[in-house]
Amino acid sequence: MDFRIIHYFAKAQHEMKAPLVFSHMDFHRLNRLVRETTLPNGEIEKEFYFVDLDSSLYSYRGYDLAAFFDSLYQIEPYFRRDHFVSDDIILKFLKVMMK
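None of these values were measured; they are calculated from a predicted model.

Focus: the overall build of the protein
Secondary structure assignment for the protein yields 3 helices and 4 strands. Put simply, the protein runs from its N terminus to its C terminus through helices and strands in the order α-β-β-β-β-α-α. Out of the 99 residues in the protein, the part that is buried amounts to 28%. Counting contacts in the protein only where the partners sit at least 6 residues apart, residues at least 24 apart contribute 63% of the total. Surface exposure of the protein reaches about 7500 Å², of which carbon and sulfur atoms provide 61%.

Notes on unusual backbone geometry
For residues besides glycine, phi is generally negative; the peptide bonds are generally trans as well. With phi around 70°, Met25 is a residue other than glycine that occupies positive phi space. Along the chain, the position of Met25 falls in the loop between strand 1 (21-23) and strand 2 (32-38). Relative accessible area serves as the criterion here: at 18%, Met25 is assigned to the buried category. One non-glycine residue, Asp52, lies in the positive phi region at around 65°. Its location among the elements puts Asp52 in the loop between strand 3 (44-50) and strand 4 (57-59).

Remarks on the side chain of Ser23
Here Ser23 is to be found in strand 1. The exposure class assigned to Ser23 is buried, which follows from its relative accessible area of 0%.

Rules used throughout
- Residues numbered from 1 in each chain as written.
- Predicted model: local features only at pLDDT ≥ 70, side-chain atom pairs only at ≥ 80, totals over all residues.
- Heavy atoms only, no water.
- Helix = DSSP H or I, 4+ residues; strand = E, 2+ residues; numbered from the N terminus.
- Buried < 20%, exposed > 50% of the residue type's maximum accessible area, 1.4 Å probe, protein only.
- Contact = heavy atoms within 4.5 Å.
- Areas by Shrake-Rupley, 256 points an atom, 1.4 Å probe, with all protein chains shown as cover.

Given below as structure tokens:
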């Protein structure tokens, strides 16, 4: 994980005086499962499951968010990528999540 990302979100959480919350702490793409179900009306419903909770503890929400964004462009879980998600994508994601 690129710790600059963790620092970015931890700093933002501190500035917002955000409380500590129960965090996954290993939130990469292989620990998120998605189940898609086709409804009778043809719409697709998605359910999300989080696995591998052995590292979970109370921490800043920023840690899991940073881990999520850090893993977006990875081809395999432990390979690096040559770029990080843009601020524009992060802001769009956060706006949806805060609704």
